[in-house]
Amino acid sequence: QVQLVESGGGLVQAGGSLRLSCTVSGSIRIRSIDDMGWYRQAPGKQRELVASVNIGAETDYADSVKGRFTISRDDAKNTVSLQMNSLNSDDTAVYYCNAYNVHTSSKQYLVSFWGQGTQVTVAS
């Protein structure tokens, strides 16, 4: 199976920065991951896409985070990171890492995998 483990959440003052990281691992060696991204879910709201990056390094951002957040991936380590700057209270949410279409040495998983989520709280 495929597992995603996130780290880097926490409490930060408004205007501050945080960096989230996610490592994708599997019981069988992972050859590639087509799409990786970060989603978030605030209390009482639906989960929303924050940022994504595909295997070609093309990125997509929610309008609310453009210019403040930067997503990056390291395919050698199967990691995806989210640098978050100029945080405000609207960024408070549980952030989830996502990996879609994972290719291992024996199987292709044409599904989405999710991390357990990491809390980001921005104090105003």
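Model, not experiment: these values are computed from the prediction.

**Student:** Whenever I open this one, the sheet that holds strand β8 (residues 79–84) confuses me. Can you help?
**Tutor:** Whenever strands of a sheet pair, they do so through backbone hydrogen bonds, lying parallel or antiparallel. Sheet architecture is open: four strands sit in the order β1-β3-β8-β7, paired in antiparallel fashion. Each edge of the open sheet is held by one strand with a lone partner, namely β1 (2–7) and β7 (69–74). Put simply, the sheet's adjacent strands are angled 15° from each other on average, direction ignored. In this sheet, strand β3 (residues 18–26) lies alongside β1 in antiparallel orientation, the contact comprising six bridges. Residue pairing across strands places Gln3 opposite Ser25, the latter belonging to β3.

**Student:** I would appreciate a short explanation of the pattern of salt bridges in the present structure.
**Tutor:** In a structure, side chains of opposite charge can pair up when their charged atoms sit close to one another. Within this structure, the stated rule accounts for five salt bridges. A salt bridge links Arg40 to Glu48; its shortest N-O distance comes to 2.8 Å. Since its relative accessible area comes to 6%, Arg40 is described here as buried. You can call Glu48 partly exposed: its relative accessible area is 36%. Between Arg68 and Asp91 there is a salt bridge, with its nearest N and O atoms 2.8 Å apart. Within this pair, whereas Arg68 is found in the loop between β6 (59–61) and β7, its partner Asp91 is found in the loop between β8 and β9 (93–104), the two being separated by 23 residues in sequence. The class for Asp91 is buried, based on a relative accessible area of 1%.

**Student:** Just to check I follow, could you spell out the nonpolar core for this structure?
**Tutor:** Here is a general trend for soluble globular proteins: nonpolar side chains tend to be buried in one another's company. Residues Trp38, Leu82, Met84 and Tyr95 are the most contacted members of the largest nonpolar core, which totals 33 residues. Among the elements that take part in this core, β9 stands out by supplying five residues, more than any other.

**Student:** Before we go on, may I ask you to explain the side chain of Thr104 in this structure?
**Tutor:** Tracing the sequence through the fold places Thr104 in strand β9. Under the relative-accessibility criterion, Thr104 is labelled buried at 9%. For Thr104, the residues in contact, after removing those within four places along its chain, are Ile28, Arg29, Ile30, Arg31 and Tyr109.

**Student:** Looking at this model, I keep getting lost on the side chain of Asp91. Mind explaining?
**Tutor:** Here the side chain of Asp91 touches Arg40 through a polar contact of 2.9 Å, side chain to side chain. Polar contacts involving the side chain of Asp91 include one to the side chain of Arg68, which spans 2.8 Å. Those residues in contact with Asp91, other than ones at most four positions away along the chain, are Arg40, Arg68, Phe69, Ser86, Val120 and Val122.

**Student:** Is there a simple way to explain the pairing of β3 in this structure?
**Tutor:** Strand residues, when the strand is regular, have side chains that alternate between the two faces of the sheet. Bridge count between β3 and β8: six bridges; the pairing is antiparallel. Bridge pairing links Cys22 to Val80 in β8.

How each quantity is defined
- Residues numbered from 1 in each chain as written.
- Predicted model: local features only at pLDDT ≥ 70, side-chain atom pairs only at ≥ 80, totals over all residues.
- Heavy atoms only, no water.
- Pairing = 2+ DSSP bridges.
- Helix = DSSP H or I, 4+ residues; strand = E, 2+ residues; numbered from the N terminus.
- Axes fitted to C-alpha atoms, helices over the stretch in contact; angles between N-to-C directions.
- Salt bridge = Lys/Arg side-chain N within 4 Å of Asp/Glu carboxyl O.
- Buried < 20%, exposed > 50% of the residue type's maximum accessible area, 1.4 Å probe, protein only.
- Core = buried A, V, L, I, M, F, W, Y, C linked by side-chain atoms within 4.5 Å.
- Contact = heavy atoms within 4.5 Å.
- Polar contact = N/O pair within 3.5 Å; in protein donor to acceptor, adjacent residues only side chain to side chain.

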